[in-house]
There are 2 protein chains.
Amino acid sequence: MPEKIIFEETVSYLLAKVTTAYRTALERHMGAIGLHGGQTFVLLELWMTDGLRQIDLARRLSVSAPTVNKMTKGLIDINLVKSSRVDEDARSTRIFLTDAGRAIRLDVEKQWIDLEDECLTGLTETERLVLLEVLRKLRITYTGRETANAE
Amino acid sequence: MPEKIIFEETVSYLLAKVTTAYRTALERHMGAIGLHGGQTFVLLELWMTDGLRQIDLARRLSVSAPTVNKMTKGLIDINLVKSSRVDEDARSTRIFLTDAGRAIRLDVEKQWIDLEDECLTGLTETERLVLLEVLRKLRITYTGRETANAE
DNA sequence: TTTTTAATATTAGCACGCTAACAATAAATC
DNA sequence: GATTTATTGTTAGCGTGCTAATATTAAAAA
């Protein structure tokens, strides 16, 4: 007999519900300081390593090249980042932070703390630690990568 | 002294990485049977309660009215669902499953089992149970609702 | 050296999330 | 009954993810 699957009781189902809701919360928090969700993660990478090429960002963020292209365009439009062609390779452009791009870090950190507090509401410390570990595993499962700093 | 926040070690950061990757995995699995991620969840609701209005779907799925409008249009285009105006209220339309819309359930269940298996790769049974509980809590935190069957 | 292949950025177009704005209808209020 | 308010669906437009296709340039192979 084929076992009847109950969608609502699967991890995948709940994960889908949470992912949608979480992205909305992220947009709300970052929108408060004039940023969008995806743009925030580009800035995070540039704060670690300024002057990355689009292809580098795509690899570190685990997103496609066109997605990076749009996100950096958005950041250029609001003057947080600028793009420079380099002599070494006429194909690629390097993305550099502007002064404003460096300065907004404090605001992002403040919002991030709020976002994290909201996220942890109702979770015990044990649940938080297990969740961290499980999310790391899920990240590897889906992206095949543990950290952003990969070649 | 302001504590230095390490984004990569927050739940929010990992959640963001996993959400993006998970949505891609969902698209891949459902794409294999000609569906998109969002459409799948509309079907799930209609399998439970056929003939819902768009506003009902929006509430149960915790998404906006325009989003439901687009997703149902997509389902109508591929003939899994049809929309009927009702006498009782000239504003609203009710969404009904077609025969194909009922029939595709078996394919979705099959894909869903694969999706769930992939998701659970590398997790222990304890981690799975804690994850389920935590995801339920996160869902409430972000949507203020525990189940889909809310008014 | 010439040709082929690979790498990088970009454009077009789709799904799915959102908000804002609008039309039509129903319900409530005066 | 007439007016106001609320509900429902829809359109327009944007960000963020994707794939496919294209131009340009670099690297490899012939």
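Our subject is the structure listed above.
Model, not experiment: these values are computed from the prediction.

Quick notes on the overall build of chain A
- Of regular secondary structure, chain A possesses 7 helices and 3 strands.
- Seen in sequence order, chain A has helices and strands lined up from the N terminus as α-α-β-α-α-β-β-α-α-α.
- Taking the principal axes of its C-alpha atoms as reference, chain A extends roughly 65 × 35 × 25 Å.
- Counting the 151 residues in chain A, one finds 33% classified as buried.
- Contacts spanning at least 24 positions in sequence make up 48% of the contacts within chain A whose residues lie at least 6 apart.

With respect to unusual backbone geometry
All names here are of chain A.
- One non-glycine residue with positive phi stands out, namely Ser62, at about 55°.
- Take Ser62: it is sitting in the loop between α3 (54-61) and α4 (65-77).
- Residue Ser62 is classed as partly exposed on the basis of its 18 C-beta neighbours within 10 Å.

Topic: the protein's contact with DNA strand C
- Among the 25 residues in the neighbourhood of DNA strand C, the closest are listed as Ser92 of chain A together with His36, Gly38, Ser64 and Ala90 of chain B.
- At the level of elements, α1 (11-31), α3, α4 and β3 (89-97) of chain A together with α2 (37-48), α4 (65-77) and β3 (89-97) of chain B are the ones that each hand at least two residues to the surface near DNA strand C.
- Counted by class, the surface near DNA strand C contains 7 nonpolar, 13 polar and 5 charged residues.

Regarding helix α1 (residues 11-31) of chain B
- Taking 1.5 Å per residue as the helical rise, α1 of chain B with its 21 residues ought to reach 30 Å, and the 29 Å between its terminal C-alpha atoms agrees with that figure.
- Counting buried positions over the 21 residues of α1 of chain B gives 16, a clear majority of the element.

Thoughts on the packing of helix α6 (residues 105-120) of chain A against α1 of chain B
- At a minimum axis distance of 8 Å, the contact between α6 of chain A and α1 of chain B shows a crossing angle of 80°. Viewed along their axes, α6 of chain A and α1 of chain B adopt a mutual orientation that is roughly perpendicular. Two secondary-structure elements touch here, α6 of chain A through Trp112, Leu115, Glu116, Cys119 and Leu120 of chain A and α1 of chain B through Val11, Ser12 and Leu15 of chain B.
- Classifying every residue of the contact of α6 of chain A with α1 of chain B gives 6 nonpolar, 1 polar and 1 charged.

Examining the sheet that holds β3 of chain B
Residues and elements named next belong to chain B.
- The 3 strands are arranged β1-β3-β2 in an open sheet whose pairing can be described as antiparallel. The open sheet has two edge strands, β1 (52-53) and β2 (81-86), and neither has a second partner.
- Bridge count between β1 and β3: 2 bridges; the pairing is antiparallel. Directly across from Arg53, in β3, lies its bridge partner Arg94.

Observations regarding the protein's contact with DNA strand D
- Near DNA strand D lie 25 residues; those nearest to it are His36, Gly38, Ser64 and Ala90 of chain A together with Ser92 of chain B.
- At the level of secondary structure, the elements contributing two or more residues to the surface near DNA strand D comprise α2 (37-48), α4 and β3 of chain A together with α1, α3 (54-61), α4 and β3 of chain B.
- Here the element with the most residues in the surface near DNA strand D is α4 of chain A; it accounts for 5 residues.

What about the relation of the copies chain B and chain A?
- Overlaying chain B with chain A gives an RMSD of 0.0 Å, the required rotation being 180° about an axis along which the chain moves by 0.0 Å. The superposition operator between the copies reduces to a two-fold rotation axis. Residue Thr19 of chain B of chain B places its C-alpha closer to the rotation axis than any other residue of that unit, at 2.5 Å.

Criteria and thresholds
- Position numbers for residues start from 1 in each chain and track the written sequence from start to end.
- Chain letters and ligand numbers both follow the written order, the letters beginning at A and the numbers at 1.
- This being a predicted model, a pLDDT of at least 70 is required before a residue's local features are given, and a value of 80 or more before pairs of side-chain atoms are given or counted; all residues contribute to the totals for chains, interfaces and linings.
- Each helix is a run of H or I in the DSSP string that is no shorter than four residues. Each strand is a run of E no shorter than two, and both are numbered from the N terminus.
- Around each residue's C-beta, the other C-beta atoms within 10 Å are counted; 20 or more make the residue buried, 12 or fewer make it exposed, and counts in between make it partly exposed. All C-beta atoms are placed from the backbone.
- Our contact criterion uses C-beta atoms placed from the backbone: two residues qualify when those atoms are within 7 Å.
- In this text, near has one meaning. A residue is near a molecule or strand if its C-beta atom, placed using the backbone, is within 6 Å of it.
- In this classification, Asp, Glu, Lys and Arg are treated as charged, Ala, Val, Leu, Ile, Met, Phe, Trp, Tyr, Cys and Pro as nonpolar, and every other residue, Gly included, as polar.
- Between the first and last residue of a helix there are one fewer steps than residues, each counted as 1.5 Å, and that sum is the expected span.
- Axis definition: a line fitted to C-alpha atoms, limited for helices to the stretch in contact. Angles are taken between N-to-C directions and run from 0 to 180 degrees.
- Roughly parallel refers to an angle under 35 degrees, roughly antiparallel to one over 145, roughly perpendicular to one between 65 and 115, and oblique to any angle outside these ranges.
- We call two strands paired when DSSP finds no fewer than two bridges between them.
- Least-squares superposition of the copies uses the C-alpha atoms of those residues scoring a pLDDT of at least 70 in each of them.

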